[in-house]
Amino acid sequence: LQPDEVAMRVRFITAQAGDACNVMMQHQGERVGVTLVVNRKKNGELFVCECIVLCLQHPAKDFAYTVGFQRDITREVPLRALLAAASCEEDYQELLGSRGAALEARRAVLLGIGCQSVIEYLHQKAEDIFVQEP
């Protein structure tokens, strides 16, 4: 791909990430936002990053906060495959859909299905960060 084509596809991927955040915010605590993006390691190496974002409402302190989980999935989705799929909405959604089983397993954990302790842990960490005692 030529540099201008790569730039266009990265912009497309960025827009998809924004859409994932919108889904998360519109369905707080019910749905996660999911996107595949290009990320960079400390050594400069590019990789495909699966991002899952979740918005939760703290039960006792009544504030919303977001949590993001990132995972390197380059072995499963090579960078070239992500960039190829970023040429149109249909191809990108097909690639994202091919991750369905893996994403559903993570979604179940993140939303507390069978694992309420994860949500409780996140609430405690959010409280530790955002609530200051007098």
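Source: prediction; values computed, not measured.

Student: Give a detailed account of the nonpolar core, specifying residues and quantitative values.
Tutor: Within the largest apolar cluster, 29 residues are counted, with the highest numbers of intra-cluster contacts made by L36, Y65 and L82. Broken down by secondary-structure element, the contributors of at least two residues to this core are α1 (3–26), β1 (33–40), β2 (46–57), β3 (64–72), α2 (79–85), α3 (89–98) and α5 (116–130). Among the elements that line this core, the one with the most residues is β2, at seven residues.

Student: Can you tell me about the side chain of R9, naming the residues and giving the values?
Tutor: Tracing the backbone shows R9 in helix α1. Look at R9 and you get buried, because its relative accessible area is 12%. When residues no more than four places from it in sequence are discounted, the contact partners of R9 are L1, L83, A84, A86 and S87.

Student: How would you sum up α3? Please name residues and give values.
Tutor: Buried residues of α3: Y92, L95 and L96, and no others. The arc that holds every buried residue of α3, seen down its axis, measures 100°, which confines them to one face. Residues of α3 that are exposed and point more than 90 degrees away from the buried face comprise E90, E94, G97 and S98.

Student: I'd like to hear about the environment of M8, residue by residue, with values.
Tutor: Note on placement: M8 falls in helix α1. Through-space distance from the C-alpha of M8 to that of L83 is 9.8 Å; in sequence the pair is 75 residues apart.

What counts and what doesn't
- Residues numbered from 1 in each chain as written.
- Predicted model: local features only at pLDDT ≥ 70, side-chain atom pairs only at ≥ 80, totals over all residues.
- Heavy atoms only, no water.
- Core = buried A, V, L, I, M, F, W, Y, C linked by side-chain atoms within 4.5 Å.
- Buried < 20%, exposed > 50% of the residue type's maximum accessible area, 1.4 Å probe, protein only.
- Helix = DSSP H or I, 4+ residues; strand = E, 2+ residues; numbered from the N terminus.
- Contact = heavy atoms within 4.5 Å.
- Arc of directions from axis to C-beta.

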